[in-house]
Amino acid sequence: MPTSLSRDTAPQERFDLAAIHRDEMLHAWDQRHVWHAFTQMQEYDPLLIEQGEGCWLIDTEGRRYLDGSASMWCNVHGHRHPRLDAALTKQLAQVAHTTNLGLSNPTTVEFARRLVEVAPPGLEKVFFSGDGSSAIEAALKMAFQFWRQAASPQPDRTRFIAIGEAYHGDTLGAIGVGGVDRFTALFAPLTFDAIRLPSPGGPCPRTGRQPPSLDESLAALDRLLTEHAGTVAAVIMEPLVQMAAGIYVHPPGFLRDVRDLTAKHDVLLILDEVATGFGRTGTMFACEQENVSPDFLCLAKGLTAGYLPMAATLATARVWDAFLGTHAEQRAFFHGHTYGGNPLAAAVGIASLDIFRDERVLESLPPKIACLQRFVGRLASHEHVGAVRQCGLVTGIELVADKAAGRPFPWQEKRGTQACLAARKYGAILRQLGDVVVIMPPLSITLDELDQLCSATERGIQDATACTADHSSTPCHFS
Ligand SMILES: *Cc1c(COP(=O)(O)O)cnc(C)c1O
C-alpha cells in the first residue's frame, strides 16, 4: 500500500487528512476492483467494516453497528472471541496448512472426532471441504456413486428430489437442486434436472402461490418416490426452515415424515444444515428437533463460528463401506478441495465446540428466541408487514404494499433493501431476501443488544415503507 495511505507513517498533524484520504481511496478501489457477491456493482455503495467486537461491527470511520446478519449467517460467538482468537494463534505456531490428500494433521483429526460426537447418531465419517456449496456437491456425488458401488448396485439411481424454493449454494450441482428462480433460472441449461417437491407450509406472499398442506406435500413425495422408483439417489432438503427462500418454516413433522418416506423407499436423505447448524434453530442441529438422522449432513457457515471458510459432509458407515476396496477396484471418492481439513479452521472449530459446552450456549438461547418472538409478534400488526416467520434465532419479516390483499411491493422498488439500508442509520447491519428483512444475529447477542437490533430494524422498516410510490404528494425516493 502506498505510504501516503498509511496512518502509521503520517505525521501527527496530517493524521486526520491522511485518514480521510485513505477512506476515499479504499471506497474508490472497492468500487473499481472488488466484484461483490450478489451485488449490482453499478449501484454499489461501499461500507468498509474494519473491526469486529462481540456482536458489533466497526467501519473505517469508527461507526458501530450491530451485526444483524451474523456476517452472512455464520458468526456464532461474536467477533474476536478471546478463545477463538487464541486457538487460531496457537495453531498458527504449529502449521497453517498441510494437505489432507493422503496425509493428516492432529488438529483436523481431533475436529472430525469432535464433530462425530455432537452429530446425530450414525454419522461417523467426515469429509472436509471449503464452503457450503462444496459440502453439497460432495454429498450429491457421494450419493450418486454410492448406488453404483452398493452391495447390490443400483446404477439407475441418478436423480435427486429437492424441495421447491430450496437453496443449496451457487455451484452448478448445488443450483441443480436449488429452486430459488432468481438465482438459478438463468443457468438452467448448465445444470441437471432435479425432481421438485412443492414446499409445504403457510401462505408465502412473495411467490404469490398457495403452498400445499403438510399432508398434500407428503402424499406428493410418496407419489414421486413410487413413480421414480429405482431412479432416485437421494432427497435433499434444509431441515425445519428454508433460509434463502425467505425464512420459510416447515410445518412440524415434515422432516420426520420425509425421513420415514425415504427409509420406506430406500432412498438416501441429504440434510443441508449449512445455515441451520450450530445452534441457529435452538438446538445444535435442526434435525435433532424431529429426531432425524440423515445419511448425509452438510455443514459450513457456523462450523468455524464464522472465522474461516470450512465445510464438512458427514456420512454414515453404510455409505463409507460402499467406497472401500483395493486400489484396483477404483471405488475411492475421487473428489477433493485443496484446503479441505485446513488445520487453522479445524482449530477454531474445536474451540467453538468448547465454547458451546463451557459457556452453555444452547441453554442461553430460549430467552433470546422469546425476545425475538415478542418483537415480531408486535411487528406483525404493522400495516406493511404481510407475514413474520421465525425459527429459533432467525426471523424473516415480509414487507407488502397492501396487507389485506397480500399484494407485494413492486420488486423494482427494493423495499427490503431500502429497509436494511435505512437500519444502518440506526446502528444495525441487516440483509434482506427480496422484500423479506432477515434478523439473524450471532448466538452470543445479549438481550439488551437484541432489543437495540429489533428497534433499529423496526425503524428501518418504518422509513422504507412510510411512502408509497403512487402517493405523489408524499416525497418518495423510490418513484
Ligand atoms: C449459504 C448456504 C449454502 C452455501 O454455502 P456457501 O458457503 O455460501 O457455499 C448452502 N446451503 C444453505 C442452506 C446455505 O444457507
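Report follows, based on the coordinates.

Calculation rules
- Residues numbered from 1 in each chain as written.
- Predicted model: local features only at pLDDT ≥ 70, side-chain atom pairs only at ≥ 80, totals over all residues.
- Heavy atoms only, no water.
- Near = heavy atom within 4 Å.
- Polar contact = N/O pair within 3.5 Å; in protein donor to acceptor, adjacent residues only side chain to side chain.
- Areas by Shrake-Rupley, 256 points an atom, 1.4 Å probe, with all protein chains shown as cover.
- Nonpolar A, V, L, I, M, F, W, Y, C, P; charged D, E, K, R; others polar.
- Salt bridge = Lys/Arg side-chain N within 4 Å of Asp/Glu carboxyl O.
- Buried < 20%, exposed > 50% of the residue type's maximum accessible area, 1.4 Å probe, protein only.
- Helix = DSSP H or I, 4+ residues; strand = E, 2+ residues; numbered from the N terminus.
- Pairing = 2+ DSSP bridges.
- Axes fitted to C-alpha atoms, helices over the stretch in contact; angles between N-to-C directions.
- Contact = heavy atoms within 4.5 Å.

### A few points about the site of the ligand
Logical step 1: All residues in the neighbourhood of the ligand are listed as Trp73, Asp131, Gly132, Ser133, Tyr167, His168, Gly169, Glu238, Asp272, Val274, Ala275 and Lys301.
Logical step 2: Between an oxygen atom of the ligand and a main-chain N or O atom of Gly132, the distance comes to 2.7 Å.
Logical step 3: A distance of 2.6 Å separates a nitrogen atom of the ligand from a polar side-chain atom of Asp272.
Logical step 4: With the chains in place, 84% of the 380 Å² that the ligand exposes on its own is no longer accessible.
Logical step 5: Among the residues making up the shell around the ligand, the classes are represented as 4 nonpolar, 4 polar and 4 charged.

### What about the pattern of salt bridges?
Logical step 1: A full pass over the atoms with the stated rule returns 20 salt bridges.
Logical step 2: Taking the shortest distance from any N to any O, the salt bridge between Arg357 and Asp358 comes out at 2.9 Å.
Logical step 3: Look at Asp358 and you get partly exposed, because its relative accessible area is 40%.
Logical step 4: Note that Lys425 is salt-bridged to Asp463, the shortest N-O span being 3.2 Å. In this pair, Lys425 sits in helix 13 (residues 415-425) while Asp463 sits in helix 14 (residues 447-465), placing the two residues 38 residues apart along the sequence.
Logical step 5: We classify Lys425 as exposed; its relative accessible area is 61%.

### Comments concerning the sheet that holds strand 14 (residues 395-399)
Logical step 1: The sheet built from 4 strands is open, its strands ordered 13-14-17-16 with antiparallel pairing. Where the open sheet ends on each side, the last strands, each with one partner, are strand 13 (385-390) and strand 16 (431-433). Strand-to-strand twist across the sheet, computed as the mean angle between neighbouring axes with direction ignored, equals 25°.
Logical step 2: Pairing of strand 16 with strand 17 (residues 436-439) involves 3 bridges; the strand directions are antiparallel. Counted as the bridge partner of Leu433 is Val436 from strand 17.
Logical step 3: With respect to the sheet, helix 13 is in contact with strand 14, strand 16 and strand 17, its orientation differing from that of strand 16 by roughly 170°.

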